[in-house]
Amino acid sequence: MQNHLLTTLRSLKLIDGCKGTQVFAVNPAVSNSNASSSSSSDKPLLRPTFSLRTKSIQGCNGGGGGGGLHHCPSYLLLDSLLPFGLPSADLIDPPVDPFLRPVDPISALSDSFRRLSSASDADSGTGTERLLLLCDLYLEQHSLLRPLADPKLLRRTLRSARLHAPDTHHRVVLSAWLRFERREDQLFPSSFPSPLSPCTATSPSLECPRAALLSTSNDLLCPCRYPPPEPSPSPSSSSSPFHRHEPEEGADADVWFCIGDDEVPCVRSNIAALSKPLSALLCGGFAEAQRERISFTHNGISARGMKAVDVFSRTGRLDEFPPDTVLELLAFANKFCCEGLKSACDLKLASLVRSLDDALLLVEYGLEEMAYLLVAACLQVFLRMLPKSFGDPEITRLLCTQEGRERLDAAGHASFVLYHLLSQVAMEEDMKSNTTVMLLERLVEIAAPGWQKQLALHQLGCVMLERGEYKDAQRWFEEAASEGHVYSLVGVARAKFKKGHKYSAYKLASGLIDEHEHIGWMHQERSLYCIGKEKMADLRIATKLDPTLAYPYKFRAIALMEDDKVGAAIAEINKIIGFKVSTDCLELRAWFLLALEDYEGALQDLRALMTLNPNYMMFHGKLHGDQLIDILQQHVKLWDMADCWMQLYDRWSAVDDIGSLAVVHQMLAKEPMNSSLRFRQSLLLLRLNCQKAAMHSLRLARNHSTHEHERLIYEGWILYDTGHRDEALAKAEESLSLQRSFEAFFLKAYALADSSLDPTSSSYVIQLLEQANSCASDNLRKGQAHNNMGSIYVDCDMLDEAAECYLKALGIKHTRAHQGLARVYYLKNQKKAAYDEMTKLIEKAKNNASAYEKRSEYCDRDMAKSDLNMATRLDPLRTYPYRYRAAVLMDDHKEQDAIAALSGAIAFKPDLQLLHLRAAFYDSIGDSASTSRDCEAALCLDPAHSDTLDLYKKALGTADPQST
């Protein structure tokens, strides 16, 4: 039975299932007698006699490929899944990243900046051509910045692309993209009843549907905020582009159009003015020019439609006509080339699209008649309802098929940016779906040579690799590589490896290392194709070059676990969890804790994991994480809500963010509609740099709010966190107008403080925080308010008042206030007291890398070096230690060593401050070309950084013109 089971497991290609960064446990087959004997709840969850080296999976039916374990009753799971066994090192291969990854990202960003600057300054070409070029360059920059995984940077480049959108189509797509990034579709519809609802005063203007559809420019002010329009002039007004008088119908008619038994009186000159073909028919050399009555029965228009044509020819307006008549006019306009009439019909019909039903009804007419605005309006609805739109077969038929793309192209609505957005959403929803494949195929078809082709081909290769279609994956990756995307060779190697060509994959990965400057991901990739000491050496180099790569830590931890070194395995995986929290690493640590029978620790990690991804499946998709939590709860002491609050208070005070997250998860299991807990959950996730999960929690907090003033606060935080500070302030004001509350005052103070504060503004922010603390709230939040108040007092040089605020915060166990109090002591020239205060924070805080970094400012050079080395070991993403060490080397006149120290950090974290400092170092040794390159890359990250701009101008003044 067991041999059959292992054969089945090998045939399942479990390695493919781990590409989504899940870790899967395996355990030996357990006989029915053993299972029944271990069902008692007083038995340990993992038997001490179980060999930790054993790997296989046991399902409810005793086989690996049977029914999903998530369908099993808990008592059966307890019998059949225990012991869990270990994850296998063969099942944790890292995925191929589905985005552009240049071999030299700094040079790529520098080149992007130069081309953007050149296009912005260029006077050649039409305005539309220039805007199209700028829009494309910003989208390219967006793709180059994706490896940094910084949502704010990505939103900024999307906003810039939207600001330079050359036409209605691009405005519609990019506005929908910005809206999708905010995931507004996840908000309950009480405040957003329709994807095309007019903007409010607090809506982001670049996302306005009316501005995208109707504006003729890229003004920041959307039409929803314009003053009410003046009443339309009467037809007899001199401003009318048509006739200055409108006699009664038929009074001055000189031609009658006969349609069936009806005769429609018209003015010949008015009808002739609608188009050149009608002018030739009615006033040219045709026989109709001499007739008063013209037969129009076979021209596809009804008498009612012809009457509408007559009215439009007199007034230039379609206000009173129903949609079916306007559709008839649109067909007439197309047939007789009446551009003015067609534009009016197009605009009128586009304004009628207010819902998905409207869009589905009218899009076919728009495509048939090639009505640009009408199709844009319908497309806008489809895009603003992503990803739900993919569930409608009519929409997917239009968006995904080649025929649909050709029809959209004919109407002026097929573009790279459209399919880029659609494929991005589809990949997030389901990497392996047919919809994703078809959209990427359309993206490849429409992509221009260069970065567009590289991205489309590479992403299609990634999807095929995930689907297990390795031959096709290799082909697409090879095409992407031939277009110039070197990273796609990783995909080629992976596809070859999957097909059994291990040595060929190894040679390809080795070739990357030989031909290019060494990068962490190159050594990580080669490690997949070798074993033993060579594999471990590659993994060590990968971690040294890029300590943010998770795979090396995971592999080493599993290897230690297989050697029965459980404590060392946990210590290894803790290294990356300490600065980069992810579901796969948390799951791995939970497994190790289970091996130690530390069920409370394992349960804590599982709760944190399920907060990050509520749909996470364990055991190769057979068991939902929530069900495993239910099982483990049978082996730990359960807390009521009062216990949970005490535990949360303790963990929050200990700066234990993962522990706090787990407690909040448990509290939400008891009170799932508690918006305040959801809000706290979002704060913890932001601390852990899990921004996507944080925004999801914040949206749930908004949706579960029972009071309007609370809902406004959470909407304000959503806007603030997505870069809309002014709109967030307006939400806070609106909330305060309904009810004074701690969170409303705190939001307002926080948003106001996010700028350069003068003494008057600082005083106002302090007043707001004092008002916040006068409102009801818990000590967790009040401690934060006191801490923020202390920071503002320090900025205003009011040190005694600041110290008082920090002491109040510490009095209610806001542990982070030690850092602020240390700063006060330092500014009072009490350096020893500042050092001691930071030592207290280090002793209390579980996450204390920042505390080591800050303490280094209050001691001598040798002690500072020790603290900063510790900070780097705990969190290699912190940039101050690298800058400090480089500055010390510069002081010792070791310029090249200083540059090398910064280059090592920049290689895995292209940071503004690191780039600026390296540029300054290059400038100090007269290397103006390198200075310019680093400045240009830094300005991609922050175009308004004044110090970098000054240094860049200086470098341009001394650089060789050919080098820039």
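How each quantity is defined
- Residues numbered from 1 in each chain as written.
- Predicted model: local features only at pLDDT ≥ 70, side-chain atom pairs only at ≥ 80, totals over all residues.
- Heavy atoms only, no water.
- Helix = DSSP H or I, 4+ residues; strand = E, 2+ residues; numbered from the N terminus.
- Buried < 20%, exposed > 50% of the residue type's maximum accessible area, 1.4 Å probe, protein only.
- Contact = heavy atoms within 4.5 Å.
- Areas by Shrake-Rupley, 256 points an atom, 1.4 Å probe, with all protein chains shown as cover.
- Expected span 1.5 Å × (residues − 1).
- Polar contact = N/O pair within 3.5 Å; in protein donor to acceptor, adjacent residues only side chain to side chain.
- Pairing = 2+ DSSP bridges.
- Axes fitted to C-alpha atoms, helices over the stretch in contact; angles between N-to-C directions.
- UniProt positions renumbered as here; feature names shortened; annotations may be inferred.
- Parallel < 35°, antiparallel > 145°, perpendicular 65-115°, else oblique.
- Nonpolar A, V, L, I, M, F, W, Y, C, P; charged D, E, K, R; others polar.
- Salt bridge = Lys/Arg side-chain N within 4 Å of Asp/Glu carboxyl O.
- Phe/Tyr/Trp six-rings, centres within 6.5 Å; stacked < 30°, edge-to-face > 60°.
- pLDDT = per-residue confidence, 0-100.
- Core = buried A, V, L, I, M, F, W, Y, C linked by side-chain atoms within 4.5 Å.

### Side note on the overall build of the chain
Turning to step 1, where the next piece is worked out: Along the chain, the regular secondary structure elements total 50 helices and 7 strands.
Turning to step 2, where the next piece is worked out: Across the 964 residues of the chain, 55% fall into the buried class.
Turning to step 3, where the next piece is worked out: Once local pairs closer than 6 in sequence are excluded, the contacts in the chain between residues at least 24 apart make up 62%.
Turning to step 4, where the next piece is worked out: When the accessible surface of the chain is totalled, it reaches about 41,200 Å², and 51% of it is carbon and sulfur.

### Here we look at helix α32 (residues 641–653)
Turning to step 1, where the next piece is worked out: With 13 residues, α32 should reach 18 Å at 1.5 Å per residue; the first-to-last C-alpha distance of 18 Å fits that figure.
Turning to step 2, where the next piece is worked out: All of the buried residues in α32 are Met 641, Cys 644, Leu 648, Arg 651, Trp 652 and Ser 653.
Turning to step 3, where the next piece is worked out: Among the structural elements, α30 (599–612), α33 (657–670), α34 (675–687) and α40 (779–795) are those in contact with the buried residues of α32.
Turning to step 4, where the next piece is worked out: Capping the start of α32, Asp 640 holds a side-chain oxygen 3.2 Å from the backbone nitrogen of Ala 642, two or three residues further along.
Turning to step 5, where the next piece is worked out: Among the residues trailing α32, Val 655 stands out with phi positive, at a value near 50°.

### Let's talk about the sheet that holds strand β4 (residues 262–266)
Turning to step 1, where the next piece is worked out: If you walk across this open sheet you meet the 3 strands as β4-β3-β5, and the pairing is mixed. Strand pairing shows two members of the sheet lacking a second neighbour, β4 and β5 (293–295), which therefore form its edges. Ignoring strand direction, the axes of neighbouring strands in this sheet form an average angle of 30°.
Turning to step 2, where the next piece is worked out: Summarising the sheet, strand β3 (residues 255–259) and β4 pair through 5 bridges and their orientation is antiparallel. When the sheet's bridge partners are listed, Val 255 is paired in β4 with Cys 266.
Turning to step 3, where the next piece is worked out: This element, helix α12 (residues 303–315), spans β3 and β4 of the sheet and lies at about 5° to β4.

### Points about the UniProt feature "coiled-coil region" (unreviewed entry) in the chain
Turning to step 1, where the next piece is worked out: Per the UniProt record, the feature "coiled-coil region" (unreviewed entry) sits at residues 828–855.
Turning to step 2, where the next piece is worked out: Taken as a whole, residues 828–855 contains 75% helix and 0% strand, while its terminal C-alpha atoms sit 16 Å from one another.

### As for the packing of helix α46 (residues 880–891) against helix α47 (residues 895–906)
Turning to step 1, where the next piece is worked out: Taken N-terminus to C-terminus, the directions of α46 and α47 make an angle of 170°; their axes are 7 Å apart at the nearest point. Classed by the angle they form, the pair α46 and α47 counts as roughly antiparallel. Contact with α46, carried on its side by Tyr 882, Arg 883, Ala 886, Leu 889 and Met 890, involves Glu 895, Asp 897, Ala 898, Ala 901, Leu 902 and Ala 905 of α47 and no other residues of that element.
Turning to step 2, where the next piece is worked out: In terms of residue class, the contact of α46 with α47 is built from 8 nonpolar, no polar and 3 charged.

### Things to note about the pattern of salt bridges
Turning to step 1, where the next piece is worked out: Summed over all chains, the structure comprises 45 salt bridges.
Turning to step 2, where the next piece is worked out: Where Asp 605 meets Arg 589, a salt bridge forms, and the shortest distance between an N and an O atom there is 2.7 Å. Taken together, the residues span a long stretch of sequence, with Asp 605 in helix α30 and Arg 589 in helix α29 (residues 583–595) at a distance of 16 residues.
Turning to step 3, where the next piece is worked out: Residue classification places Asp 605 among the buried positions, given a relative accessible area of 1%.
Turning to step 4, where the next piece is worked out: Taking the relative accessible area as the measure of exposure, Arg 589 reaches 13% and is therefore buried.
Turning to step 5, where the next piece is worked out: With a shortest N-O distance of 2.8 Å, Lys 828 and Asp 800 are connected by a salt bridge. Linking Lys 828 in the loop between α42 (817–827) and α43 (831–844) with Asp 800 in helix α41 (residues 799–811), this pair joins segments that are 28 residues apart in sequence.
Turning to step 6, where the next piece is worked out: Lys 828 sits in the partly exposed class, given a relative accessible area of 32%.

### Brief notes about unusual backbone geometry
Turning to step 1, where the next piece is worked out: Across the junction of Leu 386 and Pro 387, the peptide omega takes the value 0°, indicating a cis bond.
Turning to step 2, where the next piece is worked out: Here Pro 387 lies in the loop between α16 (372–384) and α17 (393–400).
Turning to step 3, where the next piece is worked out: We note that Asp 797 has phi near 65°; this positive angle belongs to a residue other than glycine.
Turning to step 4, where the next piece is worked out: Here Asp 797 is to be found in the loop between α40 and α41.
Turning to step 5, where the next piece is worked out: The class of Asp 797 is exposed, set by a relative accessible area of 59%.
Turning to step 6, where the next piece is worked out: One non-glycine residue, Lys 813, lies in positive phi territory at about 65°.

### A word on helix α20 (residues 434–446)
Turning to step 1, where the next piece is worked out: When the terminal C-alpha atoms of α20 are compared, their 19 Å separation across 13 residues agrees well with the 18 Å that a helix rising 1.5 Å per residue should span.
Turning to step 2, where the next piece is worked out: Listing the buried residues of α20 in full gives Thr 435, Thr 436, Val 437, Leu 439, Leu 440, Arg 442, Leu 443 and Val 444.
Turning to step 3, where the next piece is worked out: Looking at the buried residues of α20, the elements they touch are α17, α18 (402–410), α19 (416–429), α21 (451–466) and α22 (470–482).

### Things to note about the side chain of Ser 423
Turning to step 1, where the next piece is worked out: Mapping Ser 423 onto the fold places it in helix α19.
Turning to step 2, where the next piece is worked out: One polar contact links the side chain of Ser 423 to the main-chain carbonyl oxygen of His 420, over a distance of 3.1 Å.
Turning to step 3, where the next piece is worked out: With near-sequence residues (within four places) excluded, Ser 423 lies in contact with Leu 439, Leu 440, Leu 443 and Gln 459.

### What to know about the packing of aromatic side chains
Turning to step 1, where the next piece is worked out: Evaluation of the coordinates by the stated rule reveals 18 aromatic pairs.
Turning to step 2, where the next piece is worked out: Ring geometry for Phe 416 and Trp 451: centres 5.2 Å apart, planes at 80°, overall edge-to-face. In this pair, Phe 416 is assigned in helix α19 and Trp 451 in helix α21, connecting sequence segments 35 residues apart. Each of the two residues, Phe 416 as well as Trp 451, counts as buried.
Turning to step 3, where the next piece is worked out: Their ring planes at 90° and their centres at 4.9 Å tell us that Tyr 487 and Trp 521 sit as a pair that is edge-to-face. Of the two residues, Tyr 487 sits in the loop between α22 and α23 (488–498) while Trp 521 sits in helix α25 (residues 520–527), which places them 34 residues apart along the sequence. For the pair formed by Tyr 487 and Trp 521, the shared burial category is buried.

### Some words on the confidence of the model for the chain
Turning to step 1, where the next piece is worked out: Summarising the model, the chain shows a mean pLDDT of 86, and 84% of its residues fall at 70 or more.
Turning to step 2, where the next piece is worked out: Scored below 50 in pLDDT, residues 1–83 makes 178 contacts in the model with residues more than four places away or belonging to other chains.

### Structural notes on the nonpolar core
Turning to step 1, where the next piece is worked out: One finds Phe 296, Met 306, Phe 332 and Leu 383 to be the most contacted residues of the largest nonpolar core, which totals 120 residues.
Turning to step 2, where the next piece is worked out: In terms of residue count, α16 provides more of this core than any other element does, 10 residues in total.
Turning to step 3, where the next piece is worked out: Discounting residues that sit within four places of it in the chain, Phe 296 has contacts with Phe 257, Cys 258, Ile 259, Leu 281, Ile 301, Met 306, Phe 332 and Phe 336.
Turning to step 4, where the next piece is worked out: Ranked by size, the runner-up nonpolar core spans 69 residues in total, among them Tyr 553, Ile 573, Trp 639 and Val 664.

### Quick word on the side chain of His 786
Turning to step 1, where the next piece is worked out: Mapped onto the elements, His 786 comes out in helix α40.
Turning to step 2, where the next piece is worked out: Not counting residues up to four positions away in its chain, the partners in contact with His 786 are Asn 773, Cys 805, Lys 808, Ala 809 and Ile 812.

### Focus on the environment of Gly 783
Turning to step 1, where the next piece is worked out: Summarising the element assignment, Gly 783 is placed in helix α40.
Turning to step 2, where the next piece is worked out: Exposure remark for Gly 783: the relative accessible area of 0% places this residue in the buried category.
Turning to step 3, where the next piece is worked out: Through-space distance from the C-alpha of Gly 783 to that of Ala 817 is 8.3 Å; in sequence the pair is 34 residues apart.
Turning to step 4, where the next piece is worked out: Once you skip the residues sitting within four places of it in the chain, Gly 783 turns out to touch Ala 809, Ile 812 and His 814.

### A short note on the packing of α46 against helix α48 (residues 912–924)
For any two helices packed against each other, one specifies the crossing angle of their axes together with the interaxial distance.
Turning to step 1, where the next piece is worked out: Taken N-terminus to C-terminus, the directions of α46 and α48 make an angle of 10°; their axes are 10 Å apart at the nearest point. The angle between the axes of α46 and α48 places the two elements in the roughly parallel class. Note on element contacts: α48 touches α46 through Gln 913, Leu 914, Leu 917, Phe 921 and Ser 924, opposite Tyr 882, Arg 883, Ala 886, Ala 887 and Met 890.
Turning to step 2, where the next piece is worked out: When grouped by side-chain class, the residues that make up the contact of α46 with α48 number 7 nonpolar, 2 polar and 1 charged.

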